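One letter stands for each residue in the lines below.
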Amino acid sequence: MAELKTVGIIGVGSYAPERVMTNFELEKIVETNDEWIRTRTGIQERRIAAEDEACSDLAYNAALKALENSDTKPEELDLIIVATITPDYPFPATAALLQRRLGATTAGAFDLEAACSGLVYGIVTGANFIATGAYKKVLVIGAEVLSRILDWEDRNTCVLFGDGAAAVVLGEVEDGYGIKGFHLGAKGDIEKVLYQPAGGSMTPASFDSVSAKQHFLKMQGPEVFKFAVKALPDGLEKALEKSAMDASDLDLVVPHQANMRIIQSAAKRFNISTDKFYLNLHKYGNTSSASVGLALAEAIETGRVKKGDNIALVGFGAGLTYASCIIKWAK
Ligand SMILES: CC(C)(COP(=O)(O)OP(=O)(O)OC[C@H]1O[C@@H](n2cnc3c(N)ncnc32)[C@H](O)[C@@H]1OP(=O)(O)O)[C@@H](O)C(=O)NCCC(=O)NCCS
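Residues numbered from 1 in each chain as written. Predicted model: local features only at pLDDT ≥ 70, side-chain atom pairs only at ≥ 80, totals over all residues. Heavy atoms only, no water.

1. Considerations on the sheet that holds strand β13 (residues 321-328)
- Sheet architecture is open: four strands sit in the order β8-β13-β12-β11, paired in mixed fashion. Edge positions in the open sheet fall to β8 (178-186) and β11 (252-255), since each of these has one partner strand only. For this sheet the average axis-to-axis angle between neighbouring strands, irrespective of direction, equals 10°.
- Here β8 runs beside β13; their pairing, made up of eight bridges, is antiparallel. In the strand pairing of β13, Leu184 is matched with Ala323. (Pairing = 2+ DSSP bridges. Helix = DSSP H or I, 4+ residues; strand = E, 2+ residues; numbered from the N terminus. Axes fitted to C-alpha atoms, helices over the stretch in contact; angles between N-to-C directions.)

2. A closer look at helix α2 (residues 34-41)
- By the burial criterion, the buried members of α2 are Asp34, Ile37 and Thr41. The buried side chains of α2 occupy one side of the element, clustering within an arc of 85° when seen end-on.
- On its buried side, α2 packs onto α1 (23-27), β3 (45-48), α9 (260-270) and α10 (281-284).
- Just beyond α2, the residue with positive phi is Gly42, at close to 95°. (Buried < 20%, exposed > 50% of the residue type's maximum accessible area, 1.4 Å probe, protein only. Arc of directions from axis to C-beta. Contact = heavy atoms within 4.5 Å.)

3. Quick word on the confidence of the model for the chain
- Counting all residues, the mean pLDDT for the chain is 97, and 100% of those residues have values of 70 or more.
- Per-element confidence in the chain ranges from a low mean pLDDT of 93 for α9 to a high of 99 for strand β4 (residues 79-83). (pLDDT = per-residue confidence, 0-100.)

4. Description of the sheet that holds strand β6 (residues 138-144)
- As summarised here, the arrangement of the five strands in space is β1-β7-β6-β4-β5, forming an open sheet in which the pairing is mixed. Two strands in the sheet have a free side with no partner beyond their single neighbour: β1 (7-15) and β5 (108-112). Taken pair by pair, the neighbouring strands of this sheet meet at an average axis angle of 20°, ignoring direction.
- Pairing geometry for β4 and β5, over five bridges, is parallel. Within β5, the residue paired with Val82 across the bridge is Asp111.
- Each of β4, β5 and β6 is contacted by helix α4 (residues 94-102), which is oriented at about 135° to β4, the strand it contacts most.
- The sheet strands contacting helix α5 (residues 118-131) are β1, β4, β5, β6 and β7 (164-172), and the helix crosses β7 at an angle near 20°.

Pasting the structure below:
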């Protein structure tokens, strides 16, 4: 077998809708309060897409920035992967809509569904096409309009999530840099603690499914919490092992931004400072597949990432799934 190429992230971009919804605004919608949300989750506000913004609109804006940041023309792309649980349509793929809109004339396009682990699953998938030499440039996007599937009368869920998008361009990087190791995991046996019951082939849309609110996101928060406090460190540990590193080698961990307490518990388990975990969930809430990318883009913009840094990306979410990868930053 030919030698594998070294693959890294060569550009990043993100987009958050303009409209900010604060915890105080939520106090007027459901029986909740800013103090509860902040102390239980760390979230202070989230972004909500405009009525005329769909998943592909958010994805498009993030993609343009990542293409510019990586100095890549759309025609150079070999593949577009969109990770989302809130696509424009059940089909066709949002990635195909973007392929046309971006003018990525020679790219293949598909959607990938791994919920909040989606962007990391997408990066690992796209990177392997480049590692084998089959492709040169892959665009991976995590984009969500979760506000469209939230039950705005359910305080257990509507306070937690937000809308946003993030994109990365993957390409070959110089030897010694790029993705060092990854791990993709799933615990499919605990699938119904976080899901959207209707709208698929199991329970197609009907008057009954709509009136029973079966098209909204349902979650058993404490069950998901139990999974997450294990999945985040377990996933990270497996990727570290494959990278022949330990936690002290990491310069920055960019975790899925679900809940500050989940992240604090992971920091404790590795005995590393929470300062090593990049957090921006106070501004965006949980944006599912977009969250790791929104945090990574901001970490880069604010100077937290420099060439040679070992960066861990870690996602966990519905499925239940989890995913991690360690990257020696090449830019
Ligand atoms: C959702 C979550 C924040 C709840 O925190 P918690 O400390 O477990 O709180 P509980 O669910 O035990 O609820 C405690 C109380 O707060 C109440 N409560 C729930 N949501 C509330 C809200 N928005 N405002 C005020 N009170 C709320 C509950 O009804 C419960 O009241 P009760 O004791 O009278 O029954 C937490 O379970 C969590 O973060 N889970 C993981 C969720 C997640 O990350 N999902 C996405 C993964 S990708």
